[in-house]
Amino acid sequence: MKKTFLASTALATAAMIAAGPALAEGIDISMASKFIASWGDQDSSSDTSNLGHDFATNTEITFKGSKALDNGITVGFAIEMEADANENANGDAAVGGTVADENSLWFEGAFGKVQLGNNDGAADVYGINATYVGVQVGGISNPTGTIINSLRTYTSATDVNINNDASDNTAIDYFTPRFAGVQGAVGYMAEGGTYDGLWGFGLSYTGEFSGVSVDLGAHYASGAMNAQTNDNTDTTGYLFGAKLGYQGFSLAAGYADNEIDKGVSDEQVWNVGVGYANDQFGVALAYLDGEEDVAGANIEEASLSVKYTVAPGVSVFASGLMGETQAVTAGTKTDYSMVTLGTAVSF
């Protein structure tokens, strides 16, 4: 399967590159930046407590371009830059500066779409969960720029996604045309880094019935870990998600299961959210429950978030979150809470 997939993709790409003269359609540049302030409090069953606060930014610059070839195929590229000081492409502490988080090129036509490079792929793009109800920053499953991971004593099973997917690593992905609302995807990441090869698959449906929008998404990923991590072990993950929308109201839920065999890790997590949003105001309520069987730990979180659009491209937001983590085998429990305030600008 691997050789057939790679060979057919290479032939298709070569044919596309050999196409006739093209008409440039321009390059789009967009920028988005958030300033986030969060305050947290933590209390544990061992009678220890912690109160802290943090300030952070989250800034991205995106470049996109495309050309329509004479044979009807469109070729394009996308580059996403992380522009926060003291962070690398993964949002981790680093020496600072602007770095590329995602970069890819693609070919699209009646055959579907072939994507080459570092971008969200077949096991990434269709994921739906509680964060899809309109207000995200500071709520469950979205730690970006907040103090939340300093409050949790257990940080696994906190998001509905596939832990070991290709993510933004270099990969080849193919997306089918969307027919009757259904689209599928398959992708492959070569050996290197954490994996000795990784396959990803995705399936999506979008439609509308009597004014109610329906979005469904599913993913599956499977691969082998290399000697640098967990030699001769396999990793698998799958998720399902759904979202319903009607006149500004939305309801979304998701479930994910991730496992690395030979007793390394086994976690399950689900969340659900309900929200309302219009052109100026948004509010969302969400709940998450996760557990890690090998470590014998579980987590529960709930959040309420609001957003107000001051002007086109300018908004302010606020969130409150409460959570509890338990290490069942150790018999310890930690309660925590967090308040997040911020502003976002995009153009």
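Residues numbered from 1 in each chain as written. Predicted model: local features only at pLDDT ≥ 70, side-chain atom pairs only at ≥ 80, totals over all residues. Heavy atoms only, no water.

1. Brief notes about the overall build of the protein
Secondary structure summary: the protein contains two helices and 16 strands in total. In the protein, which comprises 347 residues, the share counted as buried stands at 40%. Element-wise, carbon and sulfur atoms account for 58% of the exposed surface of the protein, whose accessible area totals about 17,100 Å². (Helix = DSSP H or I, 4+ residues; strand = E, 2+ residues; numbered from the N terminus. Buried < 20%, exposed > 50% of the residue type's maximum accessible area, 1.4 Å probe, protein only. Areas by Shrake-Rupley, 256 points an atom, 1.4 Å probe, with all protein chains shown as cover.)

2. Section: the nonpolar core
In a soluble, globular protein the nonpolar side chains are often hidden away together inside. In this structure, Ile 140, Ile 148, Leu 151, Val 269, Leu 321, Tyr 336 and Met 338 are the most contacted members of the largest nonpolar core, which totals 19 residues. Put simply, the parts of the chain that give this core at least two residues each are α2 (148-151), β13 (281-292) and β16 (332-346). Sequence-distant contacts of Ile 140, that is, excluding residues within four places in its chain, are made with Ala 130, Thr 131, Asn 271, Ala 286, Tyr 287, Leu 288, Glu 301, Ala 302, Ser 303 and Leu 321. (Core = buried A, V, L, I, M, F, W, Y, C linked by side-chain atoms within 4.5 Å. Contact = heavy atoms within 4.5 Å.)

3. What about a nonpolar patch on the surface?
Together, Ile 27, Ile 29, Met 31, Phe 281, Val 306, Tyr 308, Val 310, Val 314, Val 316, Val 345 and Phe 347 make up a nonpolar patch on the protein surface, roughly 970 Å² of accessible area in all. The set of elements that each furnish at least two residues to the nonpolar patch consists of β1 (22-44), β14 (297-311) and β15 (314-327). Tracing the chain through its elements places Val 306 in strand β14. Residue classification places Val 306 among the partly exposed positions, given a relative accessible area of 33%. (Patch = residues over 30% accessible without salt bridge, like charges linked within 9 Å, V, L, I, M, F, W, Y side chains within 5 Å. Salt bridge = Lys/Arg side-chain N within 4 Å of Asp/Glu carboxyl O.)

4. Let's talk about the environment of Phe 179
Summarising the element assignment, Phe 179 is placed in the loop between β6 (170-175) and β7 (182-192). Of the residues examined, Phe 179 reaches a relative accessible area of 69% and is grouped as exposed. Distance from Phe 179 to Tyr 205, taken between C-alpha atoms, is 9.3 Å for residues 26 residues apart in sequence.

5. A short note on unusual backbone geometry
The phi dihedral of Ala 180 falls on the positive side, at around 55°, and the residue is not glycine. Along the polypeptide, Ala 180 turns up in the loop between β6 and β7.

6. Things to note about the environment of Ser 315
Relative to the helices and strands, Ser 315 is located in strand β15. Residue classification places Ser 315 among the buried positions, given a relative accessible area of 11%. On a C-alpha basis, the gap between Ser 315 and Ser 346 in space is 9.1 Å, while along the polypeptide they are 31 residues apart. Each residue touching Ser 315, except ones within four places of it in the same chain, is listed here: Lys 307, Tyr 308, Thr 309, Val 310, Gly 342, Thr 343 and Ala 344.

7. Comments concerning the pairing of strand β8 (residues 195-209)
In the sheet, β8 pairs with strand β9 (residues 212-225) via 13 bridges, with the strands oriented antiparallel. Each bridged residue has a counterpart across the sheet, and for Gly 207 the counterpart in β9 is Val 214. (Pairing = 2+ DSSP bridges.)

8. Description of the packing of aromatic side chains
Scanning all chains against the criterion turns up eight aromatic pairs. Every member of this aromatic cluster is reached through a ring pair, and the members are Tyr 188, Trp 199, Phe 201 and Tyr 220. For Lys 113, the ring lying beneath its charged end belongs to Trp 106, and the centroid distance is 4.9 Å. (Phe/Tyr/Trp six-rings, centres within 6.5 Å; stacked < 30°, edge-to-face > 60°. Lys NZ or Arg CZ within 6 Å of the ring centre and 35° of its normal.)

9. Notes on the pairing of strand β5 (residues 112-118)
Buried residues dominate β5, accounting for six of its seven residues. One ladder, built from seven bridges, connects strand β4 (residues 99-109) with β5; its direction is antiparallel. Counterpart to Ser 104 in the pairing with β5 is Gly 117. Between β4 and the antiparallel strand that follows it, β5, lie two residues. Sheet topology note: the β5/β6 ladder contains six bridges and is antiparallel. Residue pairing in the sheet places Gly 117 in a bridge with Ala 171 of β6.

10. Some remarks on the confidence of the model for the protein
When the pLDDT values of the protein are averaged, the result is 82; 81% of them are 70 or greater. Here helix α1 (residues 2-17) stands out as the element of the protein with the lowest mean pLDDT, 47, in contrast to β5, whose mean of 95 is the highest. Of the regions scoring below 50 in pLDDT, residues 6-24 engages in 27 contacts with residues more than four places distant in sequence or in other chains. (pLDDT = per-residue confidence, 0-100.)

11. A closer look at the side chain of Ser 104
Positionally, Ser 104 belongs in strand β4. Of the polar contacts made by the side chain of Ser 104, one reaches the side chain of Asn 119; its length is 3.0 Å. When residues no more than four places from it in sequence are discounted, the contact partners of Ser 104 are Gly 76, Phe 77, Ala 78, Gln 115, Leu 116, Gly 117, Asn 118 and Asn 119. (Polar contact = N/O pair within 3.5 Å; in protein donor to acceptor, adjacent residues only side chain to side chain.)

12. A closer look at the environment of Ala 68
Among the structural elements, Ala 68 can be located in strand β2 (residues 49-69). Along the sequence, Ala 68 and Gly 109 sit 41 residues apart, while their C-alpha atoms lie 9.8 Å from each other.

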